[in-house]
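# Analysis of the macromolecular model
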Amino acid sequence: MSLRQAVLGGIDSAFNAIGDLAIDVLLHPKQLDGYDFSTGLTATSPSGSSINVKAVEMGNDKDGKRLMIKRTDLPRPDLYSTVEYGGKTYRIGEKWEDDAWLVYLTLFDMGVV
């Protein structure tokens, strides 16, 4: 087993071990603006599909609420604009961290710009 596979296995084990401390979140894709050459109009379409993933709430910091998600579950965080959980929808901040193992998203209330 390679070192990379050992680390990924450890991350999977950690997420399994925390059980109900992990929460289910639904990520919604960004809307992309484009141009439809057949009609000559601008068009808006989603960058992909919504996905469900397990996440860990890391609490709040000075920038907003933070979530930690396995990198294997969210390989392209830049394709998503909002996160829904606990009956509330949050906007994903422009800055997020990716250490190749885990992704850390900063979330804001939808009313906060």
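Look a little higher up for the structure.
Each value, and the rule that gives it
- Residue numbers run consecutively from 1 along every chain, following the written order of its sequence.
- Local features in this predicted model are restricted to residues whose pLDDT is 70 or higher, and side-chain atom pairs enter the listing and the counts only when it is 80 or higher, whereas totals over whole chains, interfaces and linings include all residues.
- Calculated side-chain values reflect all of the structure's heavy atoms, with hydrogen atoms and water omitted.
- Helix and strand definitions here come from DSSP, where helices need a minimum of 4 consecutive H or I residues and strands a minimum of 2 consecutive E residues; each element is numbered from the N-terminal end.
- Relative accessibility under 20% of the residue-type maximum defines a buried residue, over 50% an exposed one, and the middle range a partly exposed one, all with a 1.4 Å probe and only protein chains included.
- Pairs of residues are marked as contacts when any of their non-hydrogen atoms sit within 4.5 Å.
- For the accessible areas, the method is Shrake-Rupley and the probe is 1.4 Å, while residue cover comes only from the protein chains on display.
- Think of it this way: Lys and Arg go in the positive column, Asp and Glu in the negative one, and His and the chain ends go nowhere.
- Where a charge sits is defined by one atom per residue type, namely NZ (Lys), CZ (Arg), CG (Asp) or CD (Glu).
- Each pair of strands is called paired provided DSSP finds at least two bridges between the two strands.
- By this rule, a helix spans an expected 1.5 Å times one less than how many residues it contains.
- The directions from the helix axis to the C-beta atoms are what the arc is built from.
- Only buried Ala, Val, Leu, Ile, Met, Phe, Trp, Tyr and Cys residues count toward a nonpolar core, and they belong to the same one when joined by side-chain atoms within 4.5 Å.
- Lines fitted to the C-alpha atoms define the axes, with helices restricted to the stretch that makes contact. Angles between their N-to-C directions range from 0 to 180 degrees.

## Some points on the overall build of the protein chain
Looking only at helices and strands, the protein chain has one helix and eight strands in total. For the protein chain, the sequential pattern of α-helices and β-strands runs α-β-β-β-β-β-β-β-β. Overall, the protein chain is about 55 × 35 × 20 Å in size when its C-alpha atoms are taken along their principal axes. For the protein chain, buried positions account for 29% of its 113 residues. Sequence-distant contacts in the protein chain: of pairs separated by 6 or more residues, those separated by 24 or more amount to 55%. For the protein chain, the exposed surface amounts to about 7,200 Å²; the carbon and sulfur share of it is 55%. Positive and negative charge centroids in the protein chain, built from 12 and 16 side chains respectively, lie 3 Å apart.

## A look at the pairing of strand 3 (residues 41-46)
The side chains of a regular strand alternate, first on one face of the sheet and then on the other. Of all six residues that make up strand 3, zero are buried, and the element is exposed over most of its length. Note that strand 2 (residues 31-36) and strand 3 share six bridges and pair antiparallel. The partner of Leu 32 across the bridge, within strand 3, is Ser 45. The turn joining strand 2 and strand 3, which pair antiparallel and follow one another in sequence, is formed by four residues; a positive phi near 75° is taken by Gly 40.

## A short note on helix 1 (residues 3-17)
With 15 residues, helix 1 should cover 21 Å at 1.5 Å per step; its first-to-last C-alpha distance of 21 Å lies within 8% of that length. Taken together, the buried positions of helix 1 are Leu 8, Ile 11 and Phe 15. Looking straight down helix 1, one finds its buried side chains confined to an arc of 55°; they lie on one side. The exposed residues of helix 1 that point more than 90 degrees off its buried face are Leu 3, Asn 16 and Ala 17. Buried positions along helix 1 lie against strand 4 (51-61), strand 5 (64-70) and strand 8 (102-109). In the segment just after helix 1, Gly 19 is the residue with positive phi, at about 55°.

## A closer look at the nonpolar core
If you look at the biggest cluster of nonpolar residues, it comprises 16 residues, and the most contacted ones within it are Val 25, Leu 27, Leu 67, Val 83, Tyr 85, Leu 105 and Leu 107. Taken together, the elements giving at least two residues each to this core come down to strand 1 (23-29), strand 4, strand 5, strand 6 (80-85), strand 7 (88-98) and strand 8. Beyond its immediate stretch of four places on either side in the chain, Leu 105 contacts Leu 27, Lys 65, Arg 66, Leu 67, Ile 69, Leu 74, Pro 77, Val 83, Ile 92 and Trp 96. With six residues, the next largest nonpolar core counts Ile 11, Phe 15, Met 68 and Leu 102 among its residues.

## Describing the sheet that holds strand 1
With antiparallel pairing, the six strands of this closed barrel are ordered in space as 1-4-5-8-7-6. Between one strand and the next, the sheet's axes are offset by a mean angle of 45°, whatever the strand orientation. Bridge analysis of strand 1 against strand 6 gives four bridges, and the strand direction is antiparallel. Its bridge partner lying in strand 6, Leu 27 is registered against Val 83. On top of the sheet, helix 1 reaches strand 4, strand 5 and strand 8; it is set at about 120° to strand 5, its chief contact.

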